[in-house]
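Residue-level structural notes
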Amino acid sequence: MKRFLNPLMAASVVVLASACAKVERIEVKPAKVALSEAGQSVALSAQAVTAEGKPVEKAELAFASTNTKVATVDAAGKVTAVKSGSANISVTSGEVSASAPVEVVIPSAIVIQGAPFTLTGLGSEAVVEAEVKDDAGRPVKDSKLEYAAADANVVQVEGNKLVAKAVGTAKVTVTSGKLTQEFEVTVKLPEVDAVAFETVPATLKVGESAALAVVAKGTDGAAIKGVSFTFTTSDEKIATVDASGNVTAVKAGAVTIKAEGGSKAAETKLTIKKK
């Protein structure tokens, strides 16, 4: 005689089998959590499964954080960043557990080495070493840094390289995401050790003009760019000289032209002849 299983009884057997299924492991997704802002959250998905990988329905799962000062987790598995650091989120069902590492990196400050900077000599350069650190004082890897000068006429920025363009002071801003940091760059000239005339005409005739070339030199003998000179003549009745060093012959005679720059001076004599 055949016996038929009551459908209600069959359903009960299935439910009972599922409820009695043994939890062998817990699968957690994502396997790792990375957060970059305080208050940022990620929901963990956890599933208790049998040895065959079949879900165990109605398995009770408990979530916990090993470091609540870094990241918290609620009963539903939502992980929330608190501050920079490392933590593990454990998921437990009975005696079985799994975990997901959490790394919180919250960029907090841009740290610049060697600021403020002083560049001595036009054309001189300096490389800025800067890095972003999180609120735990750890370097933030692969941070993008952008540099900009407030006055490119004084300091030119090429990537993280500073190039002196003119005497003065300018601010340079470093930006990384929402973070900014400023530092000051001063451009000055080297100390002038000597001033010398480079181009002086042997003679000038009355009415003629000539440009006098003057150079300032440092203690190493190298020419210094950007030095301003003042020019004077010993006798304006014989020859005049303007602010740029242009001499104009007025009448026949001998005259001395003096150039001063960087607290140093040089003199040269000119002979003026009649036309």
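To be clear, the structure that these remarks concern was listed above.
To keep things clear, this report deals only with the structure shown in the data block. The structure presented is a predicted model; accordingly, all values stated were derived computationally and were not measured.

1. Digging into the sheet that holds strand β7 (residues 78–81)
With antiparallel pairing, three strands are arranged side by side in an open sheet as β3-β7-β6. Across the chains shown, the open sheet's two edge strands, defined by having one partner strand only, are β3 (41–43) and β6 (71–73). Put simply, the sheet's adjacent strands are angled 20° from each other on average, direction ignored. By the bridge criterion, three bridges tie β3 to β7 in an arrangement that is antiparallel. Looking at β7, one finds that V42 is bridged to V79.

2. Examining unusual backbone geometry
Between K29 and the following residue, P30, the backbone shows a cis peptide bond with an omega angle of -10°. The topology assignment puts P30 in the loop between β1 (25–29) and β2 (33–35). Within the chain, D142 stands out as a residue other than glycine whose phi angle is a positive 60°. With respect to the helices and strands, the residue D142 is situated in the loop between β13 (129–134) and β14 (146–149). Under the relative-accessibility criterion, D142 is labelled exposed at 81%. Backbone geometry places S263, a non-glycine residue, at a positive phi of 70°.

Cut-off values and rules
- Residues numbered from 1 in each chain as written.
- Predicted model: local features only at pLDDT ≥ 70, side-chain atom pairs only at ≥ 80, totals over all residues.
- Heavy atoms only, no water.
- Pairing = 2+ DSSP bridges.
- Helix = DSSP H or I, 4+ residues; strand = E, 2+ residues; numbered from the N terminus.
- Axes fitted to C-alpha atoms, helices over the stretch in contact; angles between N-to-C directions.
- Buried < 20%, exposed > 50% of the residue type's maximum accessible area, 1.4 Å probe, protein only.

In short, geometric facts, not functional conclusions.
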